[in-house]
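One letter stands for each residue in the lines below.
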Amino acid sequence: MAERDEDGARPDAPGRRRGQGELEAQVLSALKAAPGPVPAGWVRERLGGTLAYTTVMTILTRLQAKGAVTRERAGRSFAWTAAADAAGLAAHRMRRVLDGETDREAVLASFVAGLAPGDEELLRRLLQETDEDDRDAPGTGRAG
């Protein structure tokens, strides 16, 4: 029996509407699995070959603008490489949302207040580690 998503639709069903960022994550995943820089056609094949080539090119171009992929000339075309993973892409989206708000403090406070206890503790630990790394970094005058 075919696998179905939470809405009961097959993930590969024609006309199925993807979640925000889902296609970008799939493209990044394909590029991460690539043996090296690959053309857009290679990515399209790895995604099942059902997407239009222009759709794949649009996603690759958007990912390049976000710094998630790089490209290099390969004949008359380009070969693409992942520069970030899905977590990096999600972090970029989060920063973009935060940058679009006028009251950053309120947005961050609301975000933290809505975290599950385990996520809140993880965030605290990550912030502490980042602060420690900053203090230990050479040339910051804060080591010691």
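Our subject is the structure listed above.
Note that the coordinates shown come from a computational prediction; the quantities given were computed from them, not determined experimentally.

A. Up close: a nonpolar patch on the surface. Side chains of Met94, Phe111 and Val112 sit close together on the surface and give an oily, nonpolar patch of about 260 Å² of accessible area. As for its position among the elements, Val112 is in helix H5 (residues 104-113). By relative accessible area, which is 31% here, Val112 ends up partly exposed.

B. Region of interest: the environment of Arg44. Here Arg44 is to be found in helix H2 (residues 40-46). The residues touching Arg44, leaving out its near neighbours within four places in the chain, are Gly49, Leu51, Ala52, Tyr53 and Val56.

C. Spotlight on the packing of helix H1 (residues 22-33) against helix H4 (residues 86-99). Interaxial distance between H1 and H4 falls to 9 Å at its minimum, and their mutual angle equals 145 degrees. H4 is crossed by H1, and the crossing has right-handed handedness. Facing Glu24, Ala25 and Leu28 of H1, the residues of H4 in contact are Ala86, Leu89 and Arg93. Grouping the constituent residues of the contact of H1 with H4 by class yields four nonpolar, no polar and two charged.

D. Looking closely at the nonpolar core. By size, the foremost hydrophobic cluster in this structure holds 22 residues, and its most contacted members are Val27, Leu28, Leu31, Val43, Leu47, Leu60 and Leu63. Secondary-structure elements contributing two or more residues to this core are H1, H2, helix H3 (53-65) and strand E2 (77-82). For Leu31, the contacting residues outside a window of four places in its chain are Val38, Val43, Leu60, Val69, Trp80, Thr81 and Ala82.

Quick notes on the rules
- Residues numbered from 1 in each chain as written.
- Predicted model: local features only at pLDDT ≥ 70, side-chain atom pairs only at ≥ 80, totals over all residues.
- Heavy atoms only, no water.
- Patch = residues over 30% accessible without salt bridge, like charges linked within 9 Å, V, L, I, M, F, W, Y side chains within 5 Å.
- Areas by Shrake-Rupley, 256 points an atom, 1.4 Å probe, with all protein chains shown as cover.
- Salt bridge = Lys/Arg side-chain N within 4 Å of Asp/Glu carboxyl O.
- Helix = DSSP H or I, 4+ residues; strand = E, 2+ residues; numbered from the N terminus.
- Buried < 20%, exposed > 50% of the residue type's maximum accessible area, 1.4 Å probe, protein only.
- Contact = heavy atoms within 4.5 Å.
- Axes fitted to C-alpha atoms, helices over the stretch in contact; angles between N-to-C directions.
- Left-handed = near helix turned anticlockwise from the far one by under 90°.
- Nonpolar A, V, L, I, M, F, W, Y, C, P; charged D, E, K, R; others polar.
- Core = buried A, V, L, I, M, F, W, Y, C linked by side-chain atoms within 4.5 Å.

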